[in-house]
Amino acid sequence: MSTARLDPRKRPAPGRGAAGLLLIGALLAVLLAGCMSSVSQRGISPITAHGFGRAGVRAQPALPGSLPSIEEELWVVARAEPASPPAEADAPGSGELVTKTGAGETVPLPLEHTAVRATISGYIAAVQVTQQFRNPYDGKIEAIYVFPLPHNAAVDGFVMTIGERRIRGIIRERSEAEAIYQAAKSQGYVASLLTQERPNIFTQAVANLEPGHPIDVTLTYFHTLAYDDGWYEFVFPTVVGPRFNPPGSTAGIGAVARGQPGRSGQRTEVQYLRPGERSGHDLALEVHLDAGVALEEISCRTHTIAQQRHEPGRATVTLSPADHIPNRDFVLRYRVAGDRIKSDFLAHREERGGYFTLMLYPPQSLAGLSRQPLELVFVLDCSGSMSGQPLAQAKAAIQRALRRLEPSDTFQIVRFSNEASQLGPSPLPASPENVHRGLAYLAELESEGGTMMINGIKAALDFPHDPARLRFVTFLTDGYIGNEVQILDAIRQRLGPARIFSFGVGSAVNRYLLEHMAKAGRGAVAYLGLRTDAAEVMDRFFDRIAHPALTDLTIDWGDLRVTDVFPRQLPDLFVGRPVILAGRFDGTGPATLRVSGLAGGQPTTFAIPITLAEAEPARRALPAVWARLKIADLADQAVLDPDHELVGAVRQVALDYGLMSAYTAFVAVDTSRRTAGTEATTVPVAVPVPEGVKYRTTVGEE
Amino acid sequence: MLLALVQLLAVCSLGQPAPAPTNQVVRFRTVDLLADTQAEPLAAYQLEFSAQGGQTKIVGIEGGEHPAFRSPPYYDPKAIQHERVILAAFSTAPADQLPTGKTRVATLHLQTSGADPPRWTARLMTAATVSGRKIHLTLTAQERKSP
């Protein structure tokens with residue numbers, strides 16, 4: 001075992017300038033129109049100093065919750081032989097950090113601050129995330145940070161800032177980018193690498209971070225907002241929840257205690273702070289909202305915000321400085337004026353051709369139809385990560401649902417953790433006696449053990465279908481698993497005529513899994529936060545399933561020549577839940593689209609008039625949004641059929657559009673100088689467990 | 001359209017880096033792209049840089065020395081798959097706040113491999129003043145001494 005000792009820095013670090021400005025490439029395109037070759041364009045405005053203010057705690061005397069004093073010691077111990085399957089020398093978590101912070105509870109870590117600036121136009125968000133790293137030790141380090149982004153984020157920009165200098169990263173095949181990063185790291189150059197571990201989990205690595213030296217890494221992405229029962233929803237996740245991985249797996253996302261790398265045996269690991277520990281990492285967030293029509297209401301239940309209304313349709317929302325700990329999703333919802341939202345077609349043309357997105361809203365006529373009798377299967381995650389408040393919320397939601405069943409319905413309750421068990425051998429009629437029995441069963445359930453979700457899926461889907469009823473399977477879970485592919489594959493294989501409605505329960509749930517469970521299950525997703533009224537969420541679900549969905553959708557595009565529409569399989573339309581499609585087009589407008597489908601078995605058609613107005617700034621996002629949907633579609637196919645052609649297709653789309661994917665990565669190297677000193681020590685950025693999640697039942701310690 | 005479509009000036013500059021040491025397979029190099037505008041204030045430019053021989057990879061693109069061009073330029077992701085970048089940048093600042101004379105408009109960070117000297121080409125495609133008037137300038141690609 002080799003041991004190295006790092007001391008916290010004894011001098012204040014040099015100041016840094018304001019975070020980097022990103023010029024708008026689009027304006028240049030206007031200047032140079034005609035002689036430009038497709039230079040990437042973004043609609044990002046310059047950063048304001050206000051939005052990226054720093055915490056400014058460093059120069060303060062030591063206080064509870066601040067960085068440790070300079071007299072305190074910090075030890076770094078590099079283990080030669082980890083207890084679990086060994087991590088590669090350069091893999092995340094390959095060093096071990098042990099801190100002795102005396103009486104203090106703050107752990108010095110190399111990530112200080114995350115600044116988020118989002119610009120929302122209609123239902124498309126352009127987001128800029130700046131991660132501010134600084135080495136608090138007296139030796140050179142490599143910082144590794146595993147962090148979440150929205151699962152549908154089209155990450156298309158990456159800039160490393162060193163002092164006043166800004167270096168734009170290059171998108172490359174992942175293995176090539178990793179090799180460049182490793183070579184730069186081993187030769188002492190400052191470099192950064194962004195890789196994707198899951199569609200919603202990324203790893204940021206910064207090599208040769210010198211003592212006291214700040215380095216910012218800024219990444220940019222686009223994504224479409226969700227729309228649910230009158231509310232648009234912008235979500236920024238701040239922390240990866242601790243995942244459970246089935247025995248024998250190595251490709252998952254491991255959860256280990258800070259300073260215990262390699263113990264999960266997983267390729268990617270997240271280190272968690274112990275109860276009572278706190279890193280100096282904080283969050284600033286600013287959202288500029290342009291709804292396009294008058295805003296009726298802005299709401300944020302997850303955080304304290306300040307909002308400024310500028311015009312009827314525009315507002316600026318900022319996160320309260322008192323609510324800066326990144327331990328839960330930031331969820332901002334807004335509602336626009338008017339009785340109902342109409343389907344919306346956005347188009348954009350550029351040298352590569354035409355791109356569009358279509359927010360397809362269900363016709364109002366659906367709300368006039370009644371539902372068939374249901375067979376409702378409630379599947380409750382009773383694993384350790386649901387312990388406490390999440391389980392209580394999930395139980396409250398099921399209680400509400402049981403009370404809303406009609407006598408013609410049947411129901412079943414399945415619980416799972418390491419094993420699955422259920423209320424009865426088959427679904428019970430929803431008589432008052434059986435509902436009472438179900439409530440009693442529910443009340444007895446407790447959480448413990450692992451998340452063997454596959455057992456819950458088998459129990460919920462592997463029994464004979466009742467042809468007289470629609471089978472709706474509701475999963476209530478935080479989704480903290482690392483084997484998402486296995487779960488989604490199982491759903492596709494076993495779904496039959498059932499529909500899956502996933503409910504994400506908790507403060508920082510695995511939205512990628514939950515969205516894809518609903519997508520694979522041809523249902524819909526909903527989120528039950530810890531500060532949300534469970535009954536309200538379940539009532540909305542019942543309102544949705546109280547009417548038949550519009551199924552077997554087809555679209556007649558009229559005079560538009562439309563290709564490459566994603567998702568390839570059009571989802572069912574439920575009341576209150578539009579779906580977003582993206583595609584390529586050629587032709588001119590105006591035009592009328594005709595959408596046909598079956599509602600309650602009866603043919604239904606409705607028309608959507610569209611115009612092909614010239615581009616607005618936000619529409620420059622459409623090629624990236626389309627490419628991201630195509631990547632997701634190809635990746636979904638690759639789950640079922642993991643052949644090399646699909647992998648190659650994902651990679652090529654990502655490279656052509658400059659996007660992150662599982663097979664591409666951003667790398668940036670500062671070749672202008674080599675850092676002094678010997679090999680850098682790897683320091684993973686430990687994060688808190690999400691709010692409401694118990695460390696003891698998820699991370700634990702040996 | 002403010003600028004003509006024709007390519008304005010084609011000044012090619014071949015990098016003349018020192019030969020790579022044979023005992024070091026992979027090297028990192030820094031190449032400055034220097035524009036000489038004479039007395040004209042530079043408001044916009046577009047240039048092309050390409051590496052030949054398959055042994056050079058672009059690993060970072062940095063902005064210029066003047067505040068008007070300090071932001072790192074964007075690149076075409078399709079072109080860069082062939083180690084070719086088309087860089088473009090502009091500033092709307094008034095003329096007296098724009099660079100004149102010799103100025104570094106961008107810096108490319110490169111990784112090279114192999115024993116043969118790397119080869120690259122830089123070509124100016126167009127440049128203009130803030131009023132959109134085309135200007136002639138000289139573009140040079142100059143490798144910095146190894147750190």
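Think of each chain on its own: its residues are numbered from 1, step by step along the sequence as written. All chains are assigned letters beginning at A, and all ligands numbers beginning at 1, according to the order in which they are written. Only residues with pLDDT of 70 or above have their local features reported here, since the model is predicted, and side-chain atom pairs are shown and tallied only from 80 upward, although totals for entire chains, interfaces and linings are computed over all residues.

> Let's hear about the overall build of chain A: which residues, and what values?
Across its full length, chain A holds 11 helices and 39 strands. Three exposure classes are used, based on other C-beta atoms lying within 10 Å of a residue's own C-beta, which is placed from the backbone: buried for 20 or more, exposed for 12 or fewer, and partly exposed in between. Counting only residues that meet the buried cut, chain A has 54% of its 702 residues in that class. Partitioning the intrachain contacts of chain A with sequence separation of at least 6 by distance along the chain shows that 75% fall at a separation of at least 24. In DSSP terms, a helix is any run of H or I states spanning at least four residues, a strand is any run of E spanning at least two, and both are numbered starting from the N terminus. The contact criterion used here is simple: two residues whose C-beta atoms, placed from the backbone, lie within 7 Å are in contact.

> Before we move on, can you summarise the overall build of chain B with the specific residues and values?
A tally of regular secondary structure across chain B gives one helix and eight strands. The 147 residues of chain B split such that 50% are buried. In chain B, of all internal contacts separated by at least 6 residues, the share reaching a separation of at least 24 is 81%.

> Tell me about unusual backbone geometry, residues and numbers included.
Negative phi is the rule for most residues except glycine; trans is the rule for most peptide bonds. Here the bond from A:F566 into A:P567 is cis, since omega is 0 degrees, no more than 30 degrees from zero. Tracing the backbone shows A:P567 in the loop between strand 34 (561–566) and strand 35 (579–586). Even without being glycine, B:Q38 reaches a positive phi, approximately 60 degrees. As for its position among the elements, B:Q38 is in the loop between strand 2 (26–36) and strand 3 (44–52).

> Tell me about the nonpolar core, residues and numbers included.
Joining buried Ala, Val, Leu, Ile, Met, Phe, Trp, Tyr and Cys residues through C-beta atoms within 7 Å gives a set, and that set is a nonpolar core. A:F378 and A:V667 are the most contacted members of the largest nonpolar core, which has 234 residues in total. The greatest single-element share of this core, amounting to nine residues, is contributed by helix 9 (residues 622–640) of chain A. The start and end points of each domain follow an automatic or database-based domain assignment. A domain split of this core shows at least three residues from each of domain 1 (2–335 + 660–698) and domain 2 (371–545) of chain A. Excluding its chain neighbours within four sequence positions, the residues that come into contact with A:V667 are A:G169, A:I170, A:R172, A:A177, A:I180, A:Y181, A:A191, A:L193 and B:V59.

> An account of the sheet that holds strand 14 (residues 226–228) of chain A is needed here, citing residue identities and associated values.
All names here are of chain A. Spatially, the four strands line up as an open sheet ordered 14-15-23-20, and their pairing is antiparallel. Both outer strands of the open sheet, strand 14 and strand 20 (295–299), are each paired with one neighbouring strand and no more. Across the sheet, the axes of successive neighbouring strands diverge by a mean angle of 25 degrees, strand direction being ignored. Both strand 14 and strand 15 (residues 231–236) contribute to a ladder of three bridges, which runs antiparallel. Looking at strand 15, one finds that Y227 is bridged to Y232. Only strands that DSSP links by at least two bridges are regarded as paired with each other. Whenever a helix is involved, its axis is fitted only over the stretch in contact; in every case the axis is a line through C-alpha atoms, and angles between N-to-C directions fall within 0 to 180 degrees.

> So what about the sheet that holds strand 33 (residues 550–556) of chain A? Which residues, and what values?
Residue and element names in this part refer to chain A. With respect to topology, three strands assemble into an open sheet ordered 33-36-37, the strand pairing being antiparallel. Bordering the open sheet on either side are strand 33 and strand 37 (602–610), each of which pairs with just one other strand. Across the sheet, the axes of successive neighbouring strands diverge by a mean angle of 20 degrees, strand direction being ignored. Here strand 36 (residues 591–599) pairs with strand 37 via nine bridges, running antiparallel. Of the residues in strand 37, the one forming a bridge with A591 is I610.

> Run through the pairing of strand 8 (residues 154–162) of chain A, naming residues and quoting values.
Side-chain direction in a regular strand flips from residue to residue, so the side chains alternate between the two faces of the sheet. Residue and element names in this part refer to chain A. In terms of residue burial, strand 8 counts as a mostly covered element, since eight of its nine residues are buried. Pairing between strand 8 and strand 13 (residues 214–224): eight bridges, direction antiparallel. Bridge assignment links F158 to a residue of strand 13, and that residue is L219. Sheet analysis places strand 8 next to strand 9 (residues 165–168), joined by four bridges and oriented antiparallel.

> Describe the domain arrangement of chain A, and please don't skip the residues or the numbers.
Residue and element names in this part refer to chain A. Under the domain assignment used here, chain A contains domain 1 (2–335 + 660–698) and domain 2 (371–545). Facing the 30 residues of domain 1 at the interface are 29 residues of domain 2. Following the grouping adopted for this structure description, the nonpolar residues are Ala, Val, Leu, Ile, Met, Phe, Trp, Tyr, Cys and Pro, the charged ones are Asp, Glu, Lys and Arg, and the polar ones are all others, Gly among them. Of the residues assigned to the side of domain 1 that touches domain 2, the class counts are 10 nonpolar, 12 polar and eight charged.

> Outline the confidence of the model for chain B, supporting the account with residue identities and numerical values.
In low-pLDDT regions, the fine details of the predicted coordinates are not to be read closely. Residues and elements named next belong to chain B. A score between 0 and 100, pLDDT records how confident the predictor is in each residue. For chain B, mean pLDDT is 83; residues scoring 70 or higher make up 83% of the total. Overall, residues 1–23 carries pLDDT values under 50, and its contacts beyond four positions in sequence, including any with other chains, amount to 54 contacts. Under the prediction, the complex receives an ipTM of 0.85, its pTM being 0.85.

> Would you mind going over the confidence of the model for chain A in detail, with residue names and values included?
All names here are of chain A. Of the residues in chain A, 84% have a pLDDT of 70 or more, and the chain-wide mean is 83. Note on residues 1–5: pLDDT is under 50 here. Beyond four places in sequence and across chains, it has 11 contacts. Low pLDDT, under 50, characterises residues 7–104; the stretch is placed with 222 contacts to residues that sit more than four places away or in other chains.

> Hey, could you go over the packing of helix 9 of chain A against helix 10 (residues 644–657) of chain A for me, with residue numbers and the actual values?
Helix packing for two helices is described by the angle between their axes and how far apart those axes are. Residues and elements named next belong to chain A. Contact geometry for helix 9 and helix 10: axes closest at 9 Å, N-to-C directions at 165 degrees. On the basis of the axis angle, helix 9 is roughly antiparallel to helix 10. Between helix 9 and helix 10 lies a crossing of left-handed hand. For the pair formed by helix 9 and helix 10, the contact residues are P623, A624, A627, K630, I631, L634, A635, Q637 and A638 on the first element and L646, V647, A649, V650, V653, A654 and Y657 on the second. Orientation labels follow simple angle bins: below 35 degrees gives roughly parallel, above 145 gives roughly antiparallel, 65 to 115 gives roughly perpendicular, and whatever is left gives oblique. Left-handed is the label given to a crossing in which the near helix is rotated counterclockwise from the far helix by less than a right angle, and right-handed is the label when the rotation is clockwise.

> So what's going on with the environment of A:V256? Residues and values would help.
Residue and element names in this part refer to chain A. Along the chain, V256 turns up in strand 16 (residues 253–257). Taking the C-alpha atoms as reference, V256 lies 19 Å from T681; in sequence the two are 425 residues apart. Sequence-distant contacts of V256, defined by excluding residues within four places in its chain, comprise P261, R263, S264, E269, Q271 and V699.

> Go over the environment of A:V336, please, and point to the residues and values.
Relative to the helices and strands, A:V336 resides in strand 23 (residues 330–336). Sequence-distant contacts of A:V336, defined by excluding residues within four places in its chain, comprise A:A291, A:V293, A:A294, A:L295 and A:E296.

> Summarise helix 8 (residues 534–545) of chain A; cite the residues concerned and give the values.
All names here are of chain A. Over its 12 residues, helix 8 runs 17 Å from end to end, which matches the ideal 16 Å to within 8%, given 1.5 Å per residue. For helix 8, the complete set of buried residues consists of A534, V537, M538, F541, R544 and I545. In an axial view of helix 8, the angular spread of the buried residues amounts to 110 degrees, which keeps them on one side of the axis. To estimate how far a helix should reach, multiply one less than its number of residues by 1.5 Å. As used here, the arc belongs to the directions running from the helix axis to the C-beta atoms.

> Can you explain helix 2 (residues 174–186) of chain A? Please cite residues and give values.
All names here are of chain A. For helix 2, which comprises 13 residues, the first-to-last C-alpha distance of 18 Å matches the rise-based estimate of 18 Å (1.5 Å per residue) to within 8%. Along helix 2, the residues that are buried comprise R174, A177, I180, Y181, A184 and K185. Projection of helix 2 onto a plane perpendicular to its axis shows the buried side chains occupying an angular sector of 130 degrees, all on one side. Trailing helix 2 by a residue or two, G188 shows a phi angle of about 90 degrees, which is positive.

> If you had to explain the environment of A:G521 to someone new, which residues and values would you point to?
Residue and element names in this part refer to chain A. For G521, the location among the structural elements is in the loop between helix 7 (511–520) and strand 32 (525–528). Overall, the presence of 24 C-beta atoms within 10 Å leaves G521 in the buried class. Measuring from C-alpha to C-alpha, the distance between G521 and S365 comes to 24 Å, with 156 residues separating the pair along the chain. Apart from residues no more than four positions distant in its own chain, G521 is found in contact with V473, I491, L495, A498, R499 and I500.

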